[in-house]
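One-letter residues, chain by chain:
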Amino acid sequence: MTSTSRPLTADLADPLYYLHNFQTVLDWVGERHGDLLAPEEMAFLDAFRALPEPSRALLARMVMRKGEYFRRDRLGYREVGDTATAMAPLISAGWVDGDPLLTLETLFALCTRDELKSALHQRLVERGLALSARKTLWLAALREDDDQARTAKAWGWDGVPVYQLRIRPLCDRLRLMFFGNLHQDWSEFVLAEQGTFLYETVTLSRASRPFQSREEVDAYLDLAACREQFDGDGDLEALEQALLPRLEALPDNPWLRERGHKLLFKVARERERRGEEQAALALYQRCHYAEARARELRVLEKIGRYTEAYQLARSAEAEPRNEAEWQQVQRVLPRLQRKLGHPVRRAGAIPTHHEFELTLPYYPWVELAVRNHMRTASEPVYYVENTLINSLFGLLCWEALFAPLPGAFFHPFQSGPADLYRDDFVSRRRDLFEQALVRLNDGSYRAVILQCFEEKQGRLSPFLFWDALDSELLTQALDCIPAEHLRLCFERLLADPRANRSGLPDLIQLWPRQRRYRMVEVKGPGDRLQDNQRRWLDYFQRHDIPVAVCHVRWRETE
């Protein structure tokens, strides 16, 4: 059995469109992930479908809203009808608490200032708080006296019933199993139906799913809780106590491990920013995220452990994890050699880039100032930065990028393959990419790119920048950029898609009559080349791809 990624989104003219979309997720998860659900979770799927329609609609509304506490007077929906009647089966099922305990913070979030003044009048007076003071002052003072949770009535507020959604964790789990992440939500259905986002159609089998075991789902949710903790109170010690055991217990899943160690890297970086170098170093040494070794090297040098830093730098130089790490090592090694009294190895020849200067009237956007100065009617200049080369690659290699490989696509709302940044991304598609790149040899690439540009217009892709493209730019670029240069650029993109999608020069200057071009990196006063820009410039220099760096000075006005 197969299905396509074009979702069965509900018609927005239907008042219950959101309920239909919610049911689509439940059905999808039940069909494709049923073996990963606990008995009580499967029971929820069955029980939900058996509820009266108004109750199902009300629960869907609550799930799609933020938070877990709701006032009845803010749950009025015409298609639901009487809120209390629709709520009764939800309370009976235990999915909603009809009289929950409220903390002081929750009470303050739910109530208006006048309602709080009425409910807490005696407490405010006894505390000596001015009744004209702000809510934040009341909350800070009352929290010191009493942080016990109570019902709304016990707090003195009985004007409007309050409900607590008790199945938020379950619905988040179902949403995760559908999307494979927690940053996408129910709005994806609406955006797709509206045409705001257009997704490529990919054939999916019933086995297409992001998780292969319940253990993987649990691990993702645990890491998400740790990330929320990191973004919240800033208690790094408590976070480490929660995170480190979870990393040790992660299932044998490469992308989950990378996700966990990326969070550990963020914790270490925060330790480092706080000046806690020893704590940061200990975390970097336990971290397997790609950038951790480079940060470990920086910290070792900073705290004066030069011998260890030197040994680590030589190890990284011998087997660099990526170009960025190798680039850093080349800067660090001479410093360490001098500090240790070792002979300083001469660096290799530094690539020289063609450079020129322009003195221009001040303009707030320096790249456009240069573009406007250089372009003529017959020799256009476009501000493209990372958009053009990436888009040409994305158009030529569209079929390879959207190939329905296992673990790449598993729900209808993906803008690209889920394994884009995994180590085996290219190797799994090597034949498909080569089939695309071989078109650069026989000249058919031009027709493929232009046809894809027309047929896929507006569809999301990790490499396409539709707003920056038009047929004129595309046609002129294909006229002027040799196929061999495109192949070289595309091969570098494939070597490290995460790192090499950025850092490309700002402008492209075209000479259509001569069928030649030049890329131009623009630097305003005081601006320096970034590392990823240097790497692209060095690559262009080694392969005789025309590029220049333009340094801009602003003309002084009298």
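From a predicted model like this one, the values you see are computed outputs, not experimental measurements.

S.K.: Give a detailed account of the sheet that holds strand β10 (residues 547-554), specifying residues and quantitative values.
M.R.: Taken together, five strands build an open sheet; the order of strands is β6-β10-β9-β8-β7 and the sheet is mixed. The two strands at the open ends of the sheet, each matched to only one other strand, are β6 (354-360) and β7 (381-383). Each strand axis lies, on average, 30 degrees off the axis of its neighbour in the sheet, ignoring direction. Packing against the sheet, helix α26 (residues 471-480) makes contact with β7, β8 (507-511) and β9 (516-523), and its axis sits at approximately 70 degrees to β8.

S.K.: Account for the environment of Phe453, with residues named and values stated.
M.R.: When you line up the elements, Phe453 lands in helix α25 (residues 445-455). Residue classification places Phe453 among the buried residues on the basis of a relative accessible area of 6%. Note: C-alpha distance between Phe453 and Leu493 (40 residues apart in sequence) is 20 Å. Each residue touching Phe453, except ones within four places of it in the same chain, is listed here: Leu395, Trp466, Leu469, Asp470, Ser471 and Leu474.

S.K.: Give a description of the state of the cysteines that names residues and reports values.
M.R.: Under the defined criterion, the tally for this structure stands at zero disulfides. Looking at Cys550, it has no disulfide partner, and the nearest cysteine sulfur is the one in Cys480, 20 Å off. Judged by its relative accessible area of 0%, Cys550 is buried.

S.K.: Go over the packing of helix α17 (residues 306-318) against helix α18 (residues 323-340), please, and point to the residues and values.
M.R.: Between α17 and α18, the shortest axis-to-axis distance is 9 Å and the interhelical angle comes to 145 degrees. Crossing geometry of α17 relative to α18 is assigned as left-handed. Facing α17, whose interface residues are Tyr306, Thr307, Ala309, Tyr310, Ala313, Arg314, Ala316 and Glu317, α18 presents Glu325, Trp326, Val329, Gln330, Leu333, Leu336, Gln337, Lys339 and Leu340. Residues belonging to the contact of α17 with α18 are distributed by class as follows: 10 nonpolar, three polar and four charged.

S.K.: So what about the sheet that holds strand β2 (residues 69-71)? Which residues, and what values?
M.R.: One open sheet holds the three strands; their spatial order is β2-β4-β3, and the pairing between them is antiparallel. At either end of the open sheet lies a strand with only one pairing partner, and these are β2 and β3 (96-97). Bridge analysis of β3 against strand β4 (residues 162-165) gives two bridges, and the strand direction is antiparallel. Looking at β4, one finds that Asp97 is bridged to Gln164. Lying over the sheet, helix α3 (residues 53-64) contacts β2, β3 and β4, oriented at roughly 75 degrees with respect to β4.

S.K.: An account of unusual backbone geometry is requested, with residue identities and associated values reported.
M.R.: With a phi close to 45 degrees, Glu385 is a non-glycine residue in the positive phi region. Assignment of secondary structure puts Glu385 in the loop between β7 and α20 (387-396). Classification of Glu385 by relative accessible area gives partly exposed; the value is 32%. A positive phi angle, near 55 degrees, is found at Asp544, a position not held by glycine. Within the secondary structure, Asp544 sits in the loop between α29 (531-542) and β10. The exposure class of Asp544 is exposed, given its relative accessible area of 66%.

S.K.: Account for the layout of surface pockets, with residues named and values stated.
M.R.: Counted as a void, the second largest pocket has a volume near 970 Å³. In terms of lining, the second largest pocket is formed by 32 residues, of which the most central are Asn181, His183, Arg259, Ala418 and Tyr421. Sorting the residues of the lining of the second largest pocket by element identifies α12 (214-231) and α14 (254-273) as the ones contributing at least two each. Looking at the lining of the second largest pocket element by element, the count peaks at six residues for α14.

S.K.: Lay out the nonpolar core in plain terms, naming residues and giving numbers.
M.R.: With 142 residues, the main nonpolar core has Phe44, Leu59 and Phe490 as its most contacted residues. Dropping the residues within four chain positions of it, Phe44 is found in contact with Leu26, Leu59, Trp95, Ile167, Leu170 and Leu174. Judged by nonpolar contacts, the second largest core, of 21 residues, contains Leu102, Leu139, Trp157 and Val160.

S.K.: Give me the lowdown on the pairing of β8, citing residues and values where you can.
M.R.: In terms of residue burial, β8 counts as a mostly covered element, since five of its five residues are buried. The pairing of β7 with β8 spans three bridges and is antiparallel. Counted as the bridge partner of Tyr383 is Leu507 from β8. Examined bridge by bridge, β8 and β9 share five bridges and lie antiparallel to one another. Pairing of Trp511 across the sheet is with Arg516, part of β9. Adjacent in sequence and paired antiparallel, β8 and β9 are bridged by four residues, among which Arg515 carries a positive phi angle near 55 degrees.

S.K.: Tell me about the environment of Arg246, and please be specific about residues and values.
M.R.: Secondary-structure assignment places Arg246 in helix α13 (residues 236-248). Setting aside residues up to four positions removed in sequence, Arg246 forms contacts with Asp222 and Cys226.

S.K.: Let's hear about the pattern of salt bridges: which residues, and what values?
M.R.: Opposite charge on two side chains lets them pair, provided their charged atoms get close. For the coordinates displayed, the defined rule picks out 44 salt bridges. For the salt bridge of Asp35 with Arg209, the shortest nitrogen-to-oxygen distance reads 2.7 Å. Of this pair, Asp35 sits in the loop between α1 (17-33) and α2 (39-50) while Arg209 sits in the loop between β5 (203-205) and α12, placing them 174 residues apart in sequence. Classification of Arg209 as buried rests on a relative accessible area of 12%. Across the pair Glu491 and Arg487 runs a salt bridge whose closest N-O atoms are separated by 3.1 Å. In this pair, Glu491 and Arg487 both sit in helix α27 (residues 483-495), four residues apart, roughly one turn of the helix. The buried category is assigned to Arg487, whose relative accessible area is 11%. What emerges from the salt-bridge pattern is a single network uniting Glu41, Arg173, Arg214 and Asp218.

How each quantity is defined
- Residues numbered from 1 in each chain as written.
- Predicted model: local features only at pLDDT ≥ 70, side-chain atom pairs only at ≥ 80, totals over all residues.
- Heavy atoms only, no water.
- Pairing = 2+ DSSP bridges.
- Helix = DSSP H or I, 4+ residues; strand = E, 2+ residues; numbered from the N terminus.
- Axes fitted to C-alpha atoms, helices over the stretch in contact; angles between N-to-C directions.
- Contact = heavy atoms within 4.5 Å.
- Buried < 20%, exposed > 50% of the residue type's maximum accessible area, 1.4 Å probe, protein only.
- Disulfide = S-S within 2.5 Å.
- Left-handed = near helix turned anticlockwise from the far one by under 90°.
- Nonpolar A, V, L, I, M, F, W, Y, C, P; charged D, E, K, R; others polar.
- 1 Å grid on protein atoms, 1.4 Å probe; cavity = no way out; pocket = protein on both sides within 12 Å on 5 of 7 lines; lining within 4 Å.
- Points joined across faces, edges and corners; volume = space filled by probe spheres on them.
- Core = buried A, V, L, I, M, F, W, Y, C linked by side-chain atoms within 4.5 Å.
- Salt bridge = Lys/Arg side-chain N within 4 Å of Asp/Glu carboxyl O.

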